[in-house]
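Fold and contact review
Next come the chains, spelled out residue by residue.
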Amino acid sequence: MTSAAVPEHPWLLPGALAAGAASGARPRRTTRDWLVDAHMFLLALGWAVAVAWDAAQPEPALAGPLPHEWLQGLDNVLGPLACVALWLRRRWPVGLAVATLPLGLFSATAGVALLIIMFTVVVHRPFPQAALVIGGNVLTCFSYAAVRPERGFGFWGEVAWAIVFLGSVLAWGMFVRARRQLVLSLRERADRAEAEQQLRVAQARHLERTRIAREMHDVLAHRISLLSLHAGALEFRPDAPPEQVARAAGVIRESAHAALTDLRDVIGVLRADEPAPAGPDAPPGPAVERPQPTLADVPALVGESRSAGMRVEIDDTVDDPGAVPTGLGRTAYRIVQEALTNARKHAAGASVTVRLAGAAGTGLTVDVRNRWPVGGRPQSGQPGGPGERAAIPGAGTGLVGVAERVSLAGGRLTHGRDETGDFRLTAWLPWPA
């Protein structure tokens, strides 16, 4: 239960409705239960004392006289014992009702105690058990009316009054039991709803972290592959002119700075769901997530790869690029980014062609093609021969992430060597009219 669902005065609740009672363990008495039990005991004991005193009078008024003196003495002893047994009624209601059932045949001092015990059975036990206990006490009414006849009522009048009292106890107990079951069902429903809400929050957080991890892979793999390409150029041409070395070093520095910026943004988003400290000396909150790339950023991505020494051609025939939905453009951008990253990793030096085509209502096609590398080095996701390994290590999940993106967008993805021997990655994405 949440703090908002905690009752204001829990000590006023019965043990059956207290916190933890629905777990299956026997409920413990609350303050309210102790007060009720004490009042019931005093009420039943007071009635037993009053009936015993009244029976000693020449003309009893509370109950009819018994035919034998010893039977009245037995009643005066068993009545108070039944009152003491009321302290056990919450733990063994049915057993106590069965044990005290013979008292209904003749005892007047135990009358209130028997009614309280029957009420407890009706409240705490299913209806079949309660009906058997009430039915047994109805049968004892005939013996009681015959043994202790009261003036002015007659046999059947006394039986009718006893049945009315027992029926009232049954109806009242069933009402209290139904109300408690309703409260417990509402509590269980609230707990289930809260648990489901927490599960939905956890699932949403997991999906968001998965999305962020996928973005991290796409962005950092692209940046680091550029770093590796420039560093490889410096390693291959140690005697290059100082201007070229300085330019390559500058590109490496800028790419490293961009990679660190992207990493900081991703970590900031991951930490965004942590509670921020309050106070004037608290550090500033996480930075606002930068705008996500769209289809209009693909030319800049291609230009960045060209500046790293890749031979990339772009053929953009998209009708009205400004009308491309944001989510669709971001997916297309990530597909091109991953394809260029794979080309740098596994087909260094090969020319790459990026083709974008489509229109609203017909869909958006992203096609990236590059020459198969000399020596047969496999593309990402393609099997290779023994000892064949890409110069830039990869996690092997690039095309898996692309396939997931395309699947979530409702599109289709194909990749592999085509009939000309080139490696080709083609994605079709739905573009609503």
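Look up: the structure comes first, before these words.
All of the points below concern the structure found in this document. (Residues numbered from 1 in each chain as written. Predicted model: local features only at pLDDT ≥ 70, side-chain atom pairs only at ≥ 80, totals over all residues. Heavy atoms only, no water.)

Description of the packing of aromatic side chains
- Scanning all chains against the criterion turns up seven aromatic pairs.
- Both rings, one in F41 and one in W87, keep their centres 5.8 Å apart while their planes meet at 45 degrees; by these two values the pair is tilted. With F41 in helix 1 (residues 31–55) and W87 in the loop between helix 2 (69–84) and helix 3 (93–99), this residue pair connects regions lying 46 residues apart in the sequence.
- Classification of W87 as partly exposed rests on a relative accessible area of 29%.
- On the numbers, 6.2 Å between centres and 80 degrees between planes, the contact of F142 with W156 is edge-to-face. Linking F142 in helix 5 (residues 127–147) with W156 in helix 6 (residues 154–236), this pair joins segments that are 14 residues apart in sequence.
- A relative accessible area of 32% places F142 in the partly exposed class. (Phe/Tyr/Trp six-rings, centres within 6.5 Å; stacked < 30°, edge-to-face > 60°. Helix = DSSP H or I, 4+ residues; strand = E, 2+ residues; numbered from the N terminus. Buried < 20%, exposed > 50% of the residue type's maximum accessible area, 1.4 Å probe, protein only.)

A few points about the pairing of strand 2 (residues 352–359)
- Within strand 2, six of the eight residues are buried, which leaves it mostly tucked inside the rest of the structure.
- For strand 1 (residues 312–318) and strand 2, the ladder comprises seven bridges, and the chain directions are parallel. Directly across from V318, in strand 2, lies its bridge partner G358.
- Here strand 2 runs beside strand 3 (residues 363–370); their pairing, made up of eight bridges, is antiparallel. Each residue of the ladder has a partner; that of V352, found in strand 3, is N370.
- Between the end of strand 2 and the start of strand 3, which pair antiparallel, lie three residues, with G361 showing a positive phi angle near 95 degrees. (Pairing = 2+ DSSP bridges.)

Looking at empty space enclosed by the protein
- One pass over the structure, following the stated rule, counts two cavities of 30 Å³ or more.
- Its volume calculated, the second largest cavity comes out at about 30 Å³.
- Forming the boundary of the second largest cavity are A97, T100, L101, L114, I117, M118, V133 and N137.
- Mapped by element, the contributors of at least two residues to the lining of the second largest cavity are helix 4 (111–124) and helix 5.
- The leading source of residues in the lining of the second largest cavity is helix 4, at three residues. (1 Å grid on protein atoms, 1.4 Å probe; cavity = no way out; pocket = protein on both sides within 12 Å on 5 of 7 lines; lining within 4 Å. Points joined across faces, edges and corners; volume = space filled by probe spheres on them.)

Regarding the pattern of salt bridges
- With the rule as written, the count across this model stands at nine salt bridges.
- As a salt-bridge pair, D33 and R90 come within 3.6 Å of each other at their nearest N and O atoms. Pair noted here: D33 is in helix 1 and R90 is in the loop between helix 2 and helix 3, with a separation of 57 residues, a long-range link.
- Relative accessible area serves as the criterion here: at 2%, D33 is assigned to the buried category.
- The shortest N-O distance in the salt bridge between R424 and D367 comes to 2.6 Å. Taken together, the residues span a long stretch of sequence, with R424 in strand 5 (residues 423–429) and D367 in strand 3 at a distance of 57 residues.
- For D367, a relative accessible area of 4% translates into the label buried. (Salt bridge = Lys/Arg side-chain N within 4 Å of Asp/Glu carboxyl O.)

A look at the environment of A178
- Considering the arrangement of structural elements, one finds A178 in helix 6.
- You can call A178 partly exposed: its relative accessible area is 43%.
- Sequence spacing of A178 and V123 is 55 residues, and the spatial spacing of their C-alpha atoms is 8.4 Å.

Considering the sheet that holds strand 3
- If you walk across this open sheet you meet the five strands as 1-2-3-5-4, and the pairing is mixed. A strand with exactly one partner marks an edge of an open sheet, and here the two such strands are strand 1 and strand 4 (412–417). Adjacent strand axes in the sheet meet at a mean angle of 5 degrees when their direction is disregarded.
- Against the sheet, helix 8 (residues 298–307) engages strand 1 and strand 2, with an angle of about 170 degrees to strand 1.
- Helix-sheet contacts for helix 10 (residues 398–408) involve strand 4 and strand 5, and the interaxial angle to strand 4 is about 150 degrees. (Axes fitted to C-alpha atoms, helices over the stretch in contact; angles between N-to-C directions. Contact = heavy atoms within 4.5 Å.)

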